Amino acid sequence: MNTKFTKMNWKVLENSNQIEEIKEASHNKLQLIFKHSTRCIISKMALKNFENDFLLHDVIDAYYLDLIDYRSISNEIADDFRITHQSPQILLIKDGKVVYNESHESIDANVLKEFV
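Rules and cut-offs
Residues numbered from 1 in each chain as written. Predicted model: local features only at pLDDT ≥ 70, side-chain atom pairs only at ≥ 80, totals over all residues. Heavy atoms only, no water. Patch = residues over 30% accessible without salt bridge, like charges linked within 9 Å, V, L, I, M, F, W, Y side chains within 5 Å. Areas by Shrake-Rupley, 256 points an atom, 1.4 Å probe, with all protein chains shown as cover. Salt bridge = Lys/Arg side-chain N within 4 Å of Asp/Glu carboxyl O. Helix = DSSP H or I, 4+ residues; strand = E, 2+ residues; numbered from the N terminus. Phe/Tyr/Trp six-rings, centres within 6.5 Å; stacked < 30°, edge-to-face > 60°. Buried < 20%, exposed > 50% of the residue type's maximum accessible area, 1.4 Å probe, protein only. Contact = heavy atoms within 4.5 Å. Arc of directions from axis to C-beta.

Trainee: Teacher, can you tell me more about a nonpolar patch on the surface here?
Mentor: Nonpolar side chains collect at one region of the surface, where Ile41, Ile42 and Met45 lie side by side and expose about 290 Å² of accessible area between them. Tracing the backbone through its elements, the reader meets Ile41 in helix α2 (residues 41-53).

Written out as structure tokens, the structure is:
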């Protein structure tokens, strides 16, 4: 992962086995997946805005998925959670299920406070 992501303590999602780990962990702590396309300016802007506004490090584990390198994992996430793939996209997972998802310019870290 690029070192410019220093504002957040991202957990890098790079193995499909992590999907089950995320689902299991979501029974104790909210889990978030940020699906990011490194080739898309909208995705870059959404990521920057999200990182600037995200203040829930203590209550949400945040995973970063590079869609260019790991598109197959994104497809597995879409199938597993029955969520249409978007880019960029955030998924908030609680008790093994997606309780909130948003994409493109609608990604807003402040909305996540409603789920805490």
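Trainee: I'm lost on the packing of aromatic side chains in this one. Help?
Mentor: Ring pairs (aromatic) are described by centroid distance and by the angle formed between their planes. As enumerated under the stated definition, the model contains 6 aromatic pairs in all. Both rings, one in Trp10 and one in Phe50, keep their centres 6.1 Å apart while their planes meet at 25 degrees; by these two values the pair is stacked. Highlighted residues: Trp10 in the segment before β1 (11-12) and Phe50 in helix α2, separated in sequence by 40 residues. Each member of the pair, Trp10 together with Phe50, is buried.

Trainee: Would you take a moment to explain the environment of Ile93 for this structure?
Mentor: Within the secondary structure, Ile93 sits in strand β4 (residues 89-94). For the pair Ile93 and Ala25, spaced 68 residues apart in sequence, the C-alpha separation works out to 9.3 Å. Ignoring sequence-local partners within four residues, the contact set of Ile93 consists of Ile22, Ser26, Lys29, Leu30, Gln31, Ile33, Phe81 and Val98.

Trainee: Before we go on, may I ask you to explain the side chain of Ser26 in this structure?
Mentor: Here Ser26 is to be found in the loop between α1 (17-25) and β2 (30-36). The residues touching Ser26, leaving out its near neighbours within four places in the chain, are Gln31, Ile93, Lys94, Asp95 and Gly96.

Trainee: Where do I start with helix α3 (residues 71-81) in this structure?
Mentor: Since the α-helix turns once every 3.6 residues, residues separated by three or four places project in the same direction. Among all positions of α3, only Ile73, Ser74, Ile77, Ala78 and Phe81 are buried. Relative to the axis of α3, the buried residues are bounded by an arc of 145 degrees and lie together on one face. In this fold, the buried residues of α3 make contact with α1, β2, β3 (60-66), β4 and β5 (97-103). The first or second residue beyond α3 is Arg82, which carries a positive phi of 55 degrees.

Trainee: What am I meant to see in the pattern of salt bridges here?
Mentor: A side chain of one charge can pair with a side chain of the opposite charge when the charged atoms of the two come close. Under the criterion given, the structure shown has 4 salt bridges. As a salt-bridge pair, Asp61 and Lys11 come within 3.7 Å of each other at their nearest N and O atoms. You can see Asp61 sitting in strand β3 and its partner Lys11 sitting in strand β1, a full 50 residues away along the chain. Its relative accessible area of 36% is what places Lys11 among the partly exposed residues.

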